[in-house]
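Here are the chains, one letter per residue:
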Amino acid sequence: MIMVIIKSGLQNLLWDTCIAPSMKPNIRRLSETYLEQLFELDDQLMSKHELQLKKWRNRLLLKGASAEKSNFPEQSSSEVCLVDETLECDISQLPERAILQIFFYLSLKDVLICGQVNHAWMLMTQLSSLWNAIDFSTVKHAIPDKYIVSTLQRWHLNVLRLNFRGCLLRPKTFRSASHCRNLQELNVSDCPTFTDESMRHISEGCPGVLYLNLSNTTITNRTMRLLPRHFHNLQNLSLAYCRRFTDKGLQYLNLGNGCHKLIYLDLSGCTQISVQGFRYIANSCTGILHLIINDMPTLTDNCVKALVEKCSHITSMIFTGAPHISDCTFKALSTCKLRKIRFEGNKRITDASFKFMDKNYPDLSHIYMADCKGITDSSLRSLSPLKQLTVLNLANCVRIGDVGLRQFLDGPASIRIRELNLSNCVQLSDVSVLKLSERCPNLNYLSLRNCEHLTAQGIAYIVNIFSLVSIDLSGTDISNEDLNVLSRHKKLKELSVSACYRITDDGIQAFCKNSLILECLDVSYCSQLSDMIIKALAIYCINLTSLSIAGCPKITDSVMEMLSAKCHYLHILDISGCVLLTDQILDDLQIGCKQLRILRMQYCTNISKNAAERMSSKVQQQEYNSNDPPRWFRYDREGNPLTQPENITSSKGHLELTVEKSTYSSEEEAV
């Protein structure tokens, strides 16, 4: 009915315009044709939506009816038909290669469930190649130790990769991994019961290990002595947050055949390592290519100098949380052929470091220098000649402005750039966006978070960056009209407009209608949004994989049911602060969103602890509490606006911490 009224109104508007009488018949025909095409797609989507929603509700009714009849073994004729129909699509008839390709996408838990369907499916789950990689971390709360032991005993000749991350197991269970003689990759990170004795059994039984992750375990120098003695081909080693070994343990790495084939080393959080310890590493691991040292406040320029004296092959280096590193480190690294560097939160790095990059690292492809306050426009000018640069992250570098970005984009570096993060570079304006649209033909990911000088004209320029698939405009002054303009891009898959207070339901609806391929949406802390946006997503954006509606207090159970019924590919959902949601949505999510992996439910006052505990077994990661929303959310536990909101100074800082999280692509996270 609404569509008919709109159609009639538009026709009258065209007809009443000052048009020559002789032209009116032609214009009438053209307008009618155009309007019919305009609304035909919308009508089709609405009809499809209503049909799918009806099927969803019928499914819920059938589920309730089957639960009531669970005590009766008889099957109705409809149930028999359903079973017969399922057997017609039995994948056990496919070739073995096709079956393996399907099962490789399933978690261990899903594989175990599939093995209980029938005999044919059980045989499929026992294909030997399917057990080359076993990830026990996904079922660490559900599978007992005895099952792990029996599984490893049965498939010990086939297992190549084992993941025990976060598993609380008995020492005997870890010992069973030593039977896997062909083991190549082992991850025991965050396992509090993993000890030196466990490592001894595994090192004696699995000499072919290439990848070993011991991060955040209680290993000591005894384990460090075992590594060079047994793992002669070890290439990847993570000792992150292992604080019980000493410099003496690092000296052991040079014993016997040593760890001379090591190419990847992670020493994050190992604050006990001194300059001498880094010398020991340099003596034994001269072939290191990738070095990660995060959360290391004790790391100094002298530590890096001691390391690179003999490790001249380093190509990627990550130092986040190392505030004492300065320009001297870049001077010491001039002997290396760096391609990827990442520093964050450093105040001692200045423009001088970027001059070293231009002269000594012509092959740099990834640069992350987030939250480095000493960087100015001069640094960007130094980066412009880098022809291989594809990823640049300068988030929170507040001294960068339009002049520096223009100089950077005028160089050859702009041609290949794919990812550009300029979050909180508050001096940037529409001029920079115009330059981006002219000089960056391959730009896929762009973040202009909290760039407060961005206007409607800048949004119009973004539409002309045709290669763009992801845009972050959180904390900007974007309006409904700007979203309507942005929807003309057609190729955007990811949009973040967190804490954009001028956006209402109309703007999000308009964007969704023209963004049918949208996969990720963040509208958190847009408290003026209501159920209408969820309905729009359920109708137009059924391929959604990530959604954040945190801080949106008007969202209710009814539309979340609609979302569960339509968006079956949802992996990440944040409903923190949605105070009107109840336990019912968790039931809907379990039925409709089978692929949900991460669920955040902070400050959900109407979701019970019992329901949250039941849901925790269905997802890989869950955050929950039922506390009242903080005052900086600007509403109470009922969703009502605070009558006297306090002057949000500290609150705004808290919000910025939330919205300043840099969005990294999968490629950036892998560095």
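Residues numbered from 1 in each chain as written. Predicted model: local features only at pLDDT ≥ 70, side-chain atom pairs only at ≥ 80, totals over all residues. Heavy atoms only, no water.

### Points about the pattern of salt bridges
Oppositely charged side chains can pair when the atoms bearing their charge come close.
Then, in step 1: According to the stated counting rule, one finds 12 salt bridges in the structure shown.
Then, in step 2: Between aspartate 477 and arginine 502 there is a salt bridge whose closest N-O contact spans 3.1 Å. Within this pair, whereas aspartate 477 is found in the loop between strand S14 (470-472) and helix H21 (480-486), its partner arginine 502 is found in the loop between strand S15 (494-496) and helix H22 (505-513), the two being separated by 25 residues in sequence.
Then, in step 3: For aspartate 477, a relative accessible area of 43% corresponds to the partly exposed category.
Then, in step 4: Counted as one network, the salt bridges with shared partners bring together Glu197, Arg200, Glu204 and Arg222. (Salt bridge = Lys/Arg side-chain N within 4 Å of Asp/Glu carboxyl O. Helix = DSSP H or I, 4+ residues; strand = E, 2+ residues; numbered from the N terminus. Buried < 20%, exposed > 50% of the residue type's maximum accessible area, 1.4 Å probe, protein only.)

### A look at the environment of leucine 405
Then, in step 1: You can see leucine 405 is positioned in helix H17 (residues 402-409).
Then, in step 2: A residue is classified by how much of its surface remains accessible, and leucine 405, at 1% relative accessible area, is buried.
Then, in step 3: Remark: the alpha-carbon pair of leucine 405 and arginine 381, spanning 24 residues in sequence, is separated by 7.9 Å.
Then, in step 4: Excluding its chain neighbours within four sequence positions, the residues that come into contact with leucine 405 are Leu380, Leu422, Leu428 and Ser432. (Contact = heavy atoms within 4.5 Å.)

### Focus on the packing of helix H19 (residues 430-439) against helix H20 (residues 456-463)
Then, in step 1: Close contact between H19 and H20 brings their axes to 9 Å; oriented N to C, the two are set at 10°. With respect to their mutual orientation, H19 and H20 come out roughly parallel. Of H20, the residues touching H19 (which contributes Asp430, Val433, Leu434 and Ser437) are Gln457, Gly458, Tyr461 and Ile462.
Then, in step 2: Taken together, the residues of the contact of H19 with H20 break down into four nonpolar, three polar and one charged. (Axes fitted to C-alpha atoms, helices over the stretch in contact; angles between N-to-C directions. Parallel < 35°, antiparallel > 145°, perpendicular 65-115°, else oblique. Nonpolar A, V, L, I, M, F, W, Y, C, P; charged D, E, K, R; others polar.)

### A look at H19
Then, in step 1: Residues of H19 that are buried include every one of Asp430, Ser432, Val433, Lys435, Leu436 and Ser437, and no others.
Then, in step 2: Elements in contact with the buried residues of H19: H17, strand S12 (419-421), strand S13 (445-447) and H20.

### So, the pairing of strand S19 (residues 598-601)
Then, in step 1: Here three bridges tie strand S18 (residues 572-574) to S19, and the two strands are oriented parallel to one another. Its bridge partner lying in S19, leucine 573 is registered against leucine 599.
Then, in step 2: Regarding the hand of the β-α-β motif, the stretch spanning S18, helix H25 (residues 584-592) and S19 is right-handed.
Then, in step 3: Across four bridges, S19 lies against strand S20 (residues 621-624) in parallel orientation. Looking at the pairing, methionine 601 lines up with tyrosine 624 of S20.
Then, in step 4: Handedness of the S19-helix H26 (residues 609-616)-S20 crossover: right-handed. (Pairing = 2+ DSSP bridges. Right-handed = clockwise from strand over helix to strand, strands pointing away.)

By themselves, these are just geometric observations and shouldn't be taken as functional.
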